[in-house]
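Take a look at the letters that make up each chain.
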Amino acid sequence: MVQTTTFTQKLKQFFILFFPVFITQIALFSMSFFDTMMSGHASSADLAGVAIGTSIWIPASTGLTGILLSVTPTVAQLKGAKREHEVAPVIMQAIYLAITAALAVILIGTFAVSPILSHMNLESNVRTIAANFLLALSFGIVPLFVYTVLRCFIDALGKTRVTMFITLLSLPINILLNYVLIFGKFGFPRLGGVGAGIASAVTYWCILLIAIYMIHTKYPFAPFGIFKRLYRVSFAKWKELLKLGVPIGFAIFFETSIFAAVTLLMSSFDTNTIAAHQAALNFASMLYMTPLSLAMAMTIAVGFEVGANRLHDAKVYSWLGIGIALVFALLYSVVIFVFDEQVAAIYTTDPVVRELAQQFLLYAILFQISDAIATPVQGALRGYKDVNAALIMTLIAYWIIGLPLGHILAIQTDLAAKGYWVGLISGLAFGALFLSMRLLYVQKKTPKEAAA
């Protein structure tokens, strides 16, 4: 990043950051999208199995990799303060932490997955597909977590186009492997949804290897000497990363796990309902990549300006990102409303599942505005290193308001499964309101920019 003086320069700088992050997030999400979509074309059972497996995997992965997102504001502020020599030790400690977290997830998952699936009211073939999908995916957890650290380092330097390039290189690998393994092409066995798990794990390894090569050999990353020496494990540095990262990770966990919880609660409905819910949620999640990408760009921009003590510029970037998110939200709402039938047809050829998915998609419209506020605001707050309030607010919004309300509506009204969506929408609206109030408070209490 570079210092900007006019609004036009800031707008241009922000889009230079945002657009590659957006393409990267879409490409990463496309792996989940193609897993879901291609599994759905294998069978409704494969779609439901992947849906259940994903609902267990996503909260764990996003919550724990969310902890590692503390690398972005840390490096951005070090860069803004011109303390580049401190970056390499931070990255290496974060890598150690990432490997430890990944191994912990694998160990816990080994013992926890089977009991979780056994207590769900699933058809036996759906349960088997979900379990084997997660087993296959587990071989990609270590590279995914380590890549998250490396990506945060690259992005914090403002070189978001590099992570875009890395991800776009790996996406064709994922699609090809999905095609080969899900449908049994070129002499490979037809594995259905389980093949999607294998494809994702292999792709994560590819992403990591490409990132290591780029950081070790290419400018401006090579001068930091990230891999030139091994550092001793520093639990003090882990503590610093976790102090900032744990609230970030848990805030993300509370947000993503609520969707997983709804999917798990929907196991009491039939397979068609589960499949339709997952199809609609998958598309809504793809649209969510826009406010999420804006949030990541805002963390970089705000963190850089705060590190350089240009607090007015940090505030401008905050509200600029939220305004752009709202424009996208209105556009996406129109797309869903007009093309709901075509969107549902992407995921399934089953007419019953398609009709149900269309109904769920209409509720996804109401997600757009709240997502456009809540998610970018969290990105701005991370740039300020203000993360604890977002943790509390997301907990209240989703788990104290959203899920209980949704459950009541689902079991006591004619809304049935759609009641969960109404509950989630209500919780998200609450979160958007109070996170916005928190950002205003942080900006107001922050000392005025130094005159120097």
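Residues numbered from 1 in each chain as written. Predicted model: local features only at pLDDT ≥ 70, side-chain atom pairs only at ≥ 80, totals over all residues. Heavy atoms only, no water.

1. Considerations on helix α10 (residues 271–307)
Line of reasoning, step 1. A rise of 1.5 Å per residue sets the reference length of α10, with its 37 residues, at 54 Å; its end C-alpha atoms lie 51 Å apart and thus fit the reference within 8%.
Line of reasoning, step 2. Where α10 bends most, the angle comes to about 30°, and this point is L287, followed within four residues by the proline P291.
Line of reasoning, step 3. Where α10 ends, the next residue or the one after it, N309, has phi of about 65°, a positive value. (Helix = DSSP H or I, 4+ residues; strand = E, 2+ residues; numbered from the N terminus. Expected span 1.5 Å × (residues − 1). Bend = angle between axes of the 7 residues up to and from the residue.)

2. Some words on the environment of L168
Line of reasoning, step 1. Structurally, L168 can be placed in helix α7 (residues 160–183).
Line of reasoning, step 2. Taking C-alpha positions, L168 is 26 Å from F253, a pair spaced 85 residues apart along the chain.
Line of reasoning, step 3. Beyond its immediate chain neighbours, meaning those up to four positions away, L168 contacts I23 and A27. (Contact = heavy atoms within 4.5 Å.)

3. Remarks on empty space enclosed by the protein
Line of reasoning, step 1. All chains considered together, the criterion is met by 5 cavities of 30 Å³ or more.
Line of reasoning, step 2. Quantified by volume, the second largest cavity comes out at close to 130 Å³.
Line of reasoning, step 3. Those elements that provide at least two residues to the lining of the second largest cavity are α3 (71–80), α6 (141–156) and α10.
Line of reasoning, step 4. By residue class, the composition of the lining of the second largest cavity is 6 nonpolar, 2 polar and 3 charged. (1 Å grid on protein atoms, 1.4 Å probe; cavity = no way out; pocket = protein on both sides within 12 Å on 5 of 7 lines; lining within 4 Å. Points joined across faces, edges and corners; volume = space filled by probe spheres on them. Nonpolar A, V, L, I, M, F, W, Y, C, P; charged D, E, K, R; others polar.)

4. Examining the packing of aromatic side chains
What describes a pair of aromatic rings is the distance from one ring centre to the other and the angle between the planes of the rings.
Line of reasoning, step 1. According to the stated counting rule, one finds 16 aromatic pairs in the structure shown.
Line of reasoning, step 2. On the numbers, 5.4 Å between centres and 85° between planes, the contact of F153 with F224 is edge-to-face. Placement of F153 in helix α6 and of F224 in the loop between α8 (193–217) and α9 (235–265) is noted, with a sequence separation of 71 residues between them.
Line of reasoning, step 3. For F153, a relative accessible area of 0% gives the class buried.
Line of reasoning, step 4. On the basis of an interplanar angle of 40° and a centroid distance of 5.9 Å, the ring pair of F328 and Y332 is categorised as tilted. Within this pair, F328 and its partner Y332 are both found in helix α11 (residues 311–347), separated by 4 residues, close to a single helical turn. (Phe/Tyr/Trp six-rings, centres within 6.5 Å; stacked < 30°, edge-to-face > 60°. Buried < 20%, exposed > 50% of the residue type's maximum accessible area, 1.4 Å probe, protein only.)

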